[in-house]
Amino acid sequence: MTTRPALFRDPAAFLTGFFKNRDWTIPGLILTLILLMVFFGAQSEFFWSVSNFLNIGRSISIRGVIAIGLTIVLISGGLDLSIAAVAAVAGMVAAMLIDAGMNGIPAGLIGLAAAMVLGAVNGSVVVRLRINPIIATLATLLLFRGMAYVVSGGDNIVIGVNTWAFLGRGNLFGVPVALLVMLGIMAAGILFMRYSVLGNYLYAIGGNSEACRNVGVKVDRIRFGTYMGTALLSGIAGVILMSQGGTAQPSALNGAELDIFTSVLLGGVALTGGRGSLFGTLLGLFIVGVITNGFILIGLQIYWQDVARGVILIVAVALDSLRRGGGYR
Amino acid sequence: MTETKQPLLTMRNVSKAFGHVQALIDVDLDVAPGEVMGLLGDNGAGKSTLIKILSGVYHADEGEFTRDGAPAAIAGPGDAQALGIATVYQDLALVETRAVAHNIYLGREPRRWGMLSRRKMEKDAETLLKNLNINLPSVKVDVEVLSGGQRQAVAISRALAQGGDILLLDEPTAALGVEQTEQVHHLVGSMRDQGKSIILITHDLSDVLKVADRIVVLRQGRLWADARAADIDINQIIGWITGALPSRFGAKEAQA
Ligand SMILES: Nc1ncnc2c1ncn2[C@@H]1O[C@H](COP(=O)(O)OP(=O)(O)OP(=O)(O)O)[C@@H](O)[C@H]1O
Ligand SMILES: [Mg+2]
């Protein structure tokens, strides 16, 4: 027997590894974004302007906060369809308390607490009752959305300018505060997912939860935590939205799930878990934001925008399956 | 096997059921220091179940354990690790979407200021693989791009990196070619020479006679035979596995 490392040597596998393991997702997204910006810049003279870019930034900030939570849940192999409904409930709870005379700060914090209670419901149904998260959170989506209507009696709650208005409407150094909040959470999330042990467990659990259990990782507890965290982020988005419009609507963000999922999947997060990144999600958000903005600028009719959204979602999902099926083994 | 030494690990009356399936029934087994035990049996005999009980993945319905003569409880993977038990699972239990280094240190990541120390992890993984004479393109590639043999190498490295003195190998050579199988057996031999005990599950009977000091056969969840490898031949083993030879412990065939 040779002592040279003949063991498990395999030059073919080396080459496969070299090419297959290069991840083209992020460069591809950046290129796509640049091409879109060049395209819309050529179509509309208003596209390349600071105020338009700030518009785009403002338009993606609230959905962006929710997308951060969705990204983390998906990476850990879960799924949460109730994200937008949780945001609506949080905004509703906060607005009703302000409407009833409560100070804005505690009202907002209670709104976030309400969101986390809903997150605990999601976590319990998925982790304890072991119900498939698609079904579980589809059910809680209806439940939470229904709750938003029930508590408000179906009406919008108008509170006008309140303590939180700065969050939704304010600017800091000319940049919308909501955008800064989203980017701040995004930056913290990127660092967390890359450098914390827990963030790495989220990836590992999404890749193979049994393997994690075998080595003593507290899979159920961590999974439960992802639903709580996602709900908290949705709650923050809901409170920002409420403060932005000075109203809380039971129908708030209804259907926004679609755009959020599109951004996240486009950004390279796999529906099957274990793969993707928050930076990819950020790029996905900007791509969807630029397309939406560009369509408005070139005067595309509203129903064509829906068609385009549907197409982009299909492209995003197709890319997801391509990344998995197209490369390996 | 040396009868005089105190066993590293003992199991008494270990039983485990999955619903109606009685996977293990009253199994008694001792692991001596520095021995290679070939654990054999038909498909579904309970081999993997026994391994998973020892590694804390399953909890035995009944049974007592001792480590170095002292009573021991195995309530979870952490307990097993603390008892010096490291495992290579039959399905390898690798996270395909994660890099080799992540897989090797899964659950025991080196930390710095409470954060993951990626650089140390990758350096340690490289050193470990080099010491084991295992050749992989890089510790940074995802496991999913590796060949079957390379994956097996990663799973074995993970168990060895744990540094216990009892190594459980559940069909570690199932996906390997002749030369690579040879290498694993060589590895097993050098582990034994370092004084570690190894439980090796395999379906390759001629191979197991070459590396094992002792042969243990499970049949339908019962301990069926336990003999020194030097005293028996392959036909005897086949007889025990298939039930053509009676149990050495008076165990009876399950009523069909
Ligand atoms: N998680 C489980 N749930 C239900 N039944 C199980 C489970 N694990 C094992 N069993 C059953 O227990 C019995 C023993 O299975 P085990 O995996 O231990 O067999 P084995 O000896 O390792 O077989 P093989 O050689 O095929 O790997 C089988 O009947 C199997 O179906
Ligand atoms: Mg088995």
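A brief structural summary. (Residues numbered from 1 in each chain as written. Chains lettered and ligands numbered in written order. Predicted model: local features only at pLDDT ≥ 70, side-chain atom pairs only at ≥ 80, totals over all residues. Heavy atoms only, no water.)

**Quick notes on the overall build of chain A**
This is how the line gets drawn: In this description a helix means any DSSP run of H or I spanning at least four residues, a strand means any run of E spanning at least two, and both kinds are numbered starting from the N terminus. Atoms counted for the radius of gyration: C-alpha only. Globule rule: 2.2 Å times the number of residues to the power 0.38. Only protein chains enter the calculation, and the probe is 1.4 Å; a residue is then buried if its accessible area is under 20% of its type maximum, exposed if over 50%, and partly exposed in between. Throughout, a contact is declared for two residues whenever any of their heavy atoms are within 4.5 Å. Positive residues here are Lys and Arg, negative ones are Asp and Glu, while His and the chain termini are left out of the count. Here the site of a charge means atom NZ of a Lys, CZ of an Arg, CG of an Asp or CD of a Glu.
When helices and strands are counted, chain A shows 14 helices and four strands. Its C-alpha radius of gyration of 21 Å places chain A within 12% of the 20 Å reference for a compact globule of 329 residues. Its C-alpha atoms give chain A principal-axis dimensions of roughly 85 × 55 × 35 Å. In chain A, which comprises 329 residues, the share counted as buried stands at 51%. Long-range pairs, those at least 24 residues apart, make up 77% of the contacts in chain A between residues at least 6 apart in sequence. Computed over 20 positive and 12 negative side-chain charges, the separation of the two mean positions in chain A equals 12 Å.

**With respect to a nonpolar patch on the surface**
Rules: Residues enter a patch when their relative accessible area is above 30% and they make no salt bridge; the linking distance is 9 Å between like charges and 5 Å between nonpolar side chains (Val, Leu, Ile, Met, Phe, Trp, Tyr). Methods summary: accessible areas were calculated by the Shrake-Rupley approach with a probe of 1.4 Å, and residue burial reflects only the protein chains presented. Salt bridge criterion: a side-chain nitrogen from Lys or Arg within 4 Å of a carboxyl oxygen from Asp or Glu.
On the surface, A:Ile302, A:Tyr303, A:Trp304, A:Val307, A:Val311, A:Val315, A:Leu319 and A:Leu322 cluster together to form a nonpolar patch covering roughly 790 Å² of accessible area. Mapped onto the fold, A:Trp304 is located in helix α14 (residues 302-325).

**Side note on the sheet that holds strand β3 (residues 36-40) of chain B**
All names here are of chain B. As a reminder, the rule being used: A strand pair is defined by DSSP finding two or more bridges across the two strands. The axes used here are C-alpha line fits, helices contributing only the stretch in contact, and every angle between their N-to-C directions lies in the interval 0 to 180 degrees.
Strands sit in the order β6-β9-β10-β3-β11-β12 across an open sheet of six strands; the sheet is mixed. At either end of the open sheet lies a strand with only one pairing partner, and these are β6 (85-88) and β12 (222-228). Averaged over neighbouring strand pairs, the angle between their axes works out to 20 degrees when direction is ignored. By the bridge criterion, four bridges tie β3 to strand β11 (residues 214-219) in an arrangement that is parallel. Looking at β11, one finds that Gly-38 is bridged to Ile-215.

**What to know about the site of ligand 1**
Residues and elements named next belong to chain B. Under the convention used in this document: What makes a residue near a molecule or strand is one non-hydrogen atom of that residue sitting within 4 Å of it. Identification of polar contacts relies on pairs of N or O atoms within 3.5 Å, with a donor-acceptor requirement for protein atoms, meaning one able to donate a hydrogen and the other able to accept it, and with residues adjacent in sequence counted only if both atoms are side-chain atoms. Asp, Glu, Lys and Arg are counted as charged, while Ala, Val, Leu, Ile, Met, Phe, Trp, Tyr, Cys and Pro are counted as nonpolar; the rest, among them Gly, fall into the polar class.
Taken together, 15 residues are adjacent to ligand 1, and Asn-43, Gly-44, Lys-47, Ser-48 and Thr-49 come closest. In this structure, Thr-49 approaches ligand 1 through a side-chain N or O atom, which is 2.6 Å from an oxygen atom. One of the side-chain N or O atoms of Tyr-58 is found 3.1 Å from a nitrogen atom in ligand 1. Expressed as a share of its isolated accessible area of 630 Å², the protein-covered part of ligand 1 is 65%. Mapped onto the shell around ligand 1, the elements with two or more residues apiece are β2 (21-31) and α1 (47-54). Among the elements that take part in the shell around ligand 1, α1 stands out by supplying three residues, more than any other. Partitioned by chemical class, the residues of the shell around ligand 1 number five nonpolar, seven polar and three charged.

**Points about the pairing of β11(B)**
Residues and elements named next belong to chain B. Judged by how many residues are buried, β11 sits mostly within the fold: six of six residues are covered. Because side chains alternate across β11, one face comprises the buried residues Arg-214, Val-216 and Leu-218, and the other comprises Ile-215, Val-217 and Arg-219, equally buried. The pairing of β11 with β12 spans six bridges and is antiparallel. Its bridge partner lying in β12, Val-217 is registered against Ala-225. The turn joining β11 and β12, which pair antiparallel and follow one another in sequence, is formed by two residues; a positive phi near 50 degrees is taken by Gln-220.

**Topic: the coordination of the magnesium ion (ligand 2)**
Rules: Sodium, potassium and calcium take a 3.2 Å donor cutoff, other metals 2.8 Å, and in both cases only N, O and S atoms count; water is not among them, so sites may look incomplete.
Protein-derived ligands of the magnesium ion (ligand 2) are B:Ser48 (OG) and B:Gln90 (OE1), with the metal-ligand distances lying across 1.9 to 2.1 Å. You can see B:Ser48 sitting in helix α1 and its partner B:Gln90 sitting in the loop between β6 and α3 (100-104), a full 42 residues away along the chain.

**Things to note about the environment of B:Ser157**
Residue and element names in this part refer to chain B. When you line up the elements, Ser-157 lands in helix α5 (residues 148-162). Ser-157 sits in the buried class, given a relative accessible area of 0%. Spatially, the C-alpha atom of Ser-157 lies 19 Å from that of Thr-202, the residues being 45 residues apart in sequence. Those residues in contact with Ser-157 that lie beyond four places of it in its chain are Ile-104, Leu-128, Leu-129, Leu-132 and Ile-134.

**Things to note about the packing of aromatic side chains**
For clarity, the threshold we go by: We call Phe, Tyr and Trp rings a pair once their centres come within 6.5 Å, taking the six-membered ring for Trp, and we label the pair stacked below 30 degrees between planes, edge-to-face above 60, and tilted otherwise. Distance and angle both matter: a charge sits over a ring if NZ of Lys or CZ of Arg is within 6 Å of the ring centre and within 35 degrees of the ring normal.
Counted by the stated rule, this structure contains seven aromatic pairs over all chains. Measuring from ring centre to ring centre gives 5.7 Å for A:Phe47 and A:Phe53, while their planes differ by 85 degrees; the resulting arrangement is edge-to-face. The exposure class assigned to A:Phe47 is buried, which follows from its relative accessible area of 0%. Look at A:Phe53 and you get partly exposed, because its relative accessible area is 31%. Among the aromatic residues, those joined into a ring-pair cluster are A:Phe39, A:Phe40, A:Phe47, A:Trp48, A:Phe53 and A:Phe295. Over the aromatic face of A:Phe224 sits the side chain of A:Arg128, whose NZ or CZ is 5.7 Å from the ring centroid. For B:Arg219, the ring lying beneath its charged end belongs to B:Trp224, and the centroid distance is 5.7 Å.

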